Amino acid sequence: MLGTVLRIALIVSSLLTAGFMLRHIRSAKVQIKDSVFWIIFSFFILLLSLFPNIAGWASNLLGIASPINFVFLFIIFVLLVHQFYASVRISQMETKMKLLAQQIALDEKDRQDKES
């Protein structure tokens, strides 16, 4: 099972994450679709810390040596998947920004050609 100190750390960190995200949503610093991930993520961490038998059951099911290893593996996996999708979104935005800059440059050139 998960140790008491780890359970307390998980509870506190999940509540702080949820509070941090809610505060940033209210101040319009984070889009709601981005913050939904962090709210759900903090909920799952809270769930794992309040009910450590879930981690024990999952670690037994997956053949992982201990529940804490499952918790760390779960967190790392979820964050890696989130990072991948964030990288995809950034790449798409960079492509759109490049195309927009090229379109602006062409429009500016057309405007200058018409003026001369």
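Because the structure is predicted, anything quoted here is derived from the model rather than measured. All chains use their own residue numbering, which begins from 1 and follows the written sequence. Given that this is a predicted model, residues contribute local features only at a pLDDT of at least 70 and side-chain atom pairs are listed and counted only at 80 or more, while totals for whole chains, interfaces and linings are drawn from all residues. Side-chain calculation: all heavy atoms of the structure are included, whereas hydrogens and water are not.

Peer 1: Summarise the nonpolar core; cite the residues concerned and give the values.
Peer 2: Listed in full, the twelve residues of the largest apolar core are Leu 10, Phe 37, Phe 41, Ile 45, Leu 48, Ala 55, Ala 58, Ile 64, Phe 70, Val 71, Ile 75 and Val 78. Strands are runs of DSSP state E lasting at least 2 residues, helices are runs of H or I lasting at least 4, and numbering of each runs from the N terminus. Mapped by element, the contributors of at least two residues to this core are helix 2 (32–50), helix 3 (52–62) and helix 4 (67–115). The term nonpolar core refers to a set of buried residues drawn from Ala, Val, Leu, Ile, Met, Phe, Trp, Tyr and Cys, joined through side-chain atoms within 4.5 Å. Each residue is assigned to one of three classes by its accessible area relative to the maximum for its type, calculated with a 1.4 Å probe on protein chains only: buried under 20%, partly exposed between the two thresholds, exposed over 50%.

Peer 1: Break down the environment of Phe 20 for me, citing the residues and quoting the values.
Peer 2: Looking at the secondary structure, you find Phe 20 in helix 1 (residues 4–26). With a relative accessible area of 42%, Phe 20 lands in the partly exposed category. Distance from Phe 20 to Gln 92, taken between C-alpha atoms, is 27 Å for residues 72 residues apart in sequence.

Peer 1: How would you explain helix 4 if you had to name every residue and give the values?
Peer 2: With 49 residues, helix 4 extends 71 Å from end C-alpha to end C-alpha; this agrees with the ideal 72 Å at 1.5 Å per step. Every buried residue of helix 4 is listed here: Pro 67, Phe 70, Val 71, Ile 75 and Val 78. Packing partners of the buried residues in helix 4 comprise helix 1, helix 2 and helix 3. Take the residue count of a helix, subtract one, and multiply by 1.5 Å to get its expected span. In what follows, a contact means two residues having at least one pair of non-hydrogen atoms within 4.5 Å.

Peer 1: A description of the pattern of salt bridges should follow, citing residues and the corresponding values.
Peer 2: By convention in these notes, a salt bridge is any Lys or Arg side-chain nitrogen within 4 Å of a carboxyl oxygen on Asp or Glu. By the definition in use, this model includes three salt bridges. A salt bridge links Asp 113 to Lys 109; the shortest N-O distance between them is 3.2 Å. Placement of the pair is Asp 113 and Lys 109 together in helix 4, with a separation of four residues, close to one helical turn. Looking at Asp 113, the relative accessible area reads 43%, which means it is partly exposed. Taking the shortest distance from any N to any O, the salt bridge between Glu 115 and Arg 111 comes out at 2.6 Å. Of this pair, Glu 115 and Arg 111 both sit in helix 4, separated by four residues, roughly a single helical turn. Since its relative accessible area comes to 41%, Arg 111 is described here as partly exposed.

Peer 1: Can you explain the side chain of Ser 14? Please cite residues and give values.
Peer 2: Considering the arrangement of structural elements, one finds Ser 14 in helix 1. In contact with Ser 14, other than residues within four places in its own chain, are Ser 42, Ile 45 and Leu 46.

Peer 1: A description of the packing of helix 2 against helix 3 should follow, citing residues and the corresponding values.
Peer 2: Between two packed helices, both the angle of their axes relative to each other and the distance between the axes serve to describe the pair. Orientation is described by lines fitted to C-alpha atoms, with helices fitted over the stretch in contact, and by angles between N-to-C directions that extend from 0 to 180 degrees. At their nearest, the axes of helix 2 and helix 3 sit 4 Å apart, and the two run at 90° to each other. Here helix 2 is positioned roughly perpendicular relative to helix 3, judged by the angle of their axes. Of the residues in helix 3, those touching helix 2 at Leu 47, Leu 48, Ser 49 and Leu 50 are Pro 52, Ile 54 and Ala 55. Put simply, Ala, Val, Leu, Ile, Met, Phe, Trp, Tyr, Cys and Pro go in the nonpolar bin, Asp, Glu, Lys and Arg in the charged bin, and everything else, Gly too, in the polar bin. In terms of residue class, the contact of helix 2 with helix 3 is built from six nonpolar, one polar and no charged. Roughly parallel covers angles under 35 degrees, roughly antiparallel covers those over 145, roughly perpendicular covers 65 to 115, and oblique covers all other angles.

Peer 1: Help me get a handle on the packing of helix 2 against helix 4, residues and values and all.
Peer 2: In the contact formed by helix 2 and helix 4, the axes pass within 12 Å of each other and the chain directions differ by 175°. On the basis of their axis angle, the class for helix 2 and helix 4 is roughly antiparallel. In contact with Lys 33, Asp 34, Phe 37, Trp 38, Phe 41, Phe 44, Ile 45 and Leu 48 of helix 2, helix 4 contributes Phe 70, Val 71, Phe 74, Ile 75, Val 78, Leu 79, His 82 and Arg 89. A breakdown of the residues in the contact of helix 2 with helix 4 according to their chemical character gives twelve nonpolar, one polar and three charged.

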